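# Understanding the architecture of this molecule
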Amino acid sequence: MGVFVLGSINLDAVARVDDLPRPGETVAGISLELFPGGKGANQAVAAARMGAATRLMGAVGKEDSGPTLKAKLAGYGVQVSDVAELPSIPTGQAHVWVSSSGENMIVVTSGANATLTPQHVAATPLEGQRVLLCQLETPAPAIEALFRAGAAKGALRILNAAPALPQGAALFPLTDILILNQTELATYGRLGHEPTRLEEISRVSRKLMSRPDQTVIVTLGKAGVAAIRRDEAFLVEGRKVKAVDTTGAGDCFCGALAAGLSAGIELREAIEHANAAAALSVQKPGAAPSMPSRREVEQFLAG
């Protein structure tokens, strides 16, 4: 039983700067590094590093960095046979700026990620996949096809509705667990501010539900994680760590949570493990390279 991720695969170009530039401003970069990235790839690596048998479905360019990225993902333990290599289409890219305080700004160009279709999903066997995990850096029709197919197979469907896009809300009724950050919750809930108190977070989250069996999980950065069901809401507090690079922390949480749930761990415990994994990930640079192993997470929780 494993985790099946449908998602984006990017080449991340990460430039470090003292302070993030303002519009029209040029700043000197301290360093530039290239990493495998994309929300789908990051979450697949996080799930694999946490011990889940993880398959990734996506697309990369054939003539550029695509084959190298695919090989790197395989090196992290991700099964990549469902990743297509496309001629004449570029691999997706993310240009990431990270300040000395750990804050980031990101511009993503989708490239090959935009080519995934319901037909690709229909041709993919899903037997034995306990958890399906998607984000919104790939086309919504492909995600819809996967979730509809997964419902017939009895798989748990997790949607990380990031980035916040209008078409994302149409997928909520097909989702069993919806994961958002505060900014995304404010966008989908049509608020003029980011909610911080559990009472308001719960109220807004429940408005996004369309079935009594759904769960909404809201990541709150340093404050931790809120989980909301129809009849309960609870907070798992954040862990105090020194952030080096917050890029990929949300992806780490999503992948680690999917791994825990695929192993049959109860929701609150799975959230605690994923919360710890995300706290470990921000202490290292890069997204995929910073994902911790299950052993590292268990040692961190024990300490």
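Refer to the structure printed above.
Worth saying up front: this structure is predicted, and the values here are computed from it rather than measured.

Here we take up the pattern of salt bridges. For the structure on display, the rule yields twelve salt bridges. In this structure, glutamate 296 engages lysine 284 in a salt bridge whose closest nitrogen and oxygen atoms are separated by 3.8 Å. Pair noted here: glutamate 296 is in helix α9 (residues 294-302) and lysine 284 is in the loop between α8 (267-281) and α9, with a separation of twelve residues, a long-range link. On the basis of relative accessible area, glutamate 296 is assigned to the partly exposed category, the value being 29%. Within the structure, one salt-bridge network assembled from shared partners comprises Arg157, Asp176, Arg211 and Asp213.

Further remarks concern the sheet that holds strand β7 (residues 104-109). Taken together, the four strands give an open sheet; going across it, the order is β3-β2-β6-β7, and neighbouring strands pair in mixed fashion. Sheet topology places β3 (31-37) and β7 at the edges, where each strand pairs with a single neighbour. Averaged over all pairs of adjacent strands, the angle between their axes in this sheet comes to 20°, without regard to strand direction. The pairing of strand β2 (residues 10-16) with strand β6 (residues 92-98) spans seven bridges and is parallel. Each bridged residue has a counterpart across the sheet, and for arginine 16 the counterpart in β6 is valine 98.

Before going further, it helps to spend a moment on the packing of aromatic side chains. Per the stated rule, a full pass over the model turns up one aromatic pair. Across the ring face of phenylalanine 300, the terminal group of arginine 239 is positioned such that the distance to the ring centre comes to 5.2 Å. Of note, arginine 268 hangs over the ring of phenylalanine 234, and the distance from its end group to the ring centre comes to 3.9 Å.

Definitions and cut-offs
- Residues numbered from 1 in each chain as written.
- Predicted model: local features only at pLDDT ≥ 70, side-chain atom pairs only at ≥ 80, totals over all residues.
- Heavy atoms only, no water.
- Salt bridge = Lys/Arg side-chain N within 4 Å of Asp/Glu carboxyl O.
- Helix = DSSP H or I, 4+ residues; strand = E, 2+ residues; numbered from the N terminus.
- Buried < 20%, exposed > 50% of the residue type's maximum accessible area, 1.4 Å probe, protein only.
- Pairing = 2+ DSSP bridges.
- Axes fitted to C-alpha atoms, helices over the stretch in contact; angles between N-to-C directions.
- Phe/Tyr/Trp six-rings, centres within 6.5 Å; stacked < 30°, edge-to-face > 60°.
- Lys NZ or Arg CZ within 6 Å of the ring centre and 35° of its normal.

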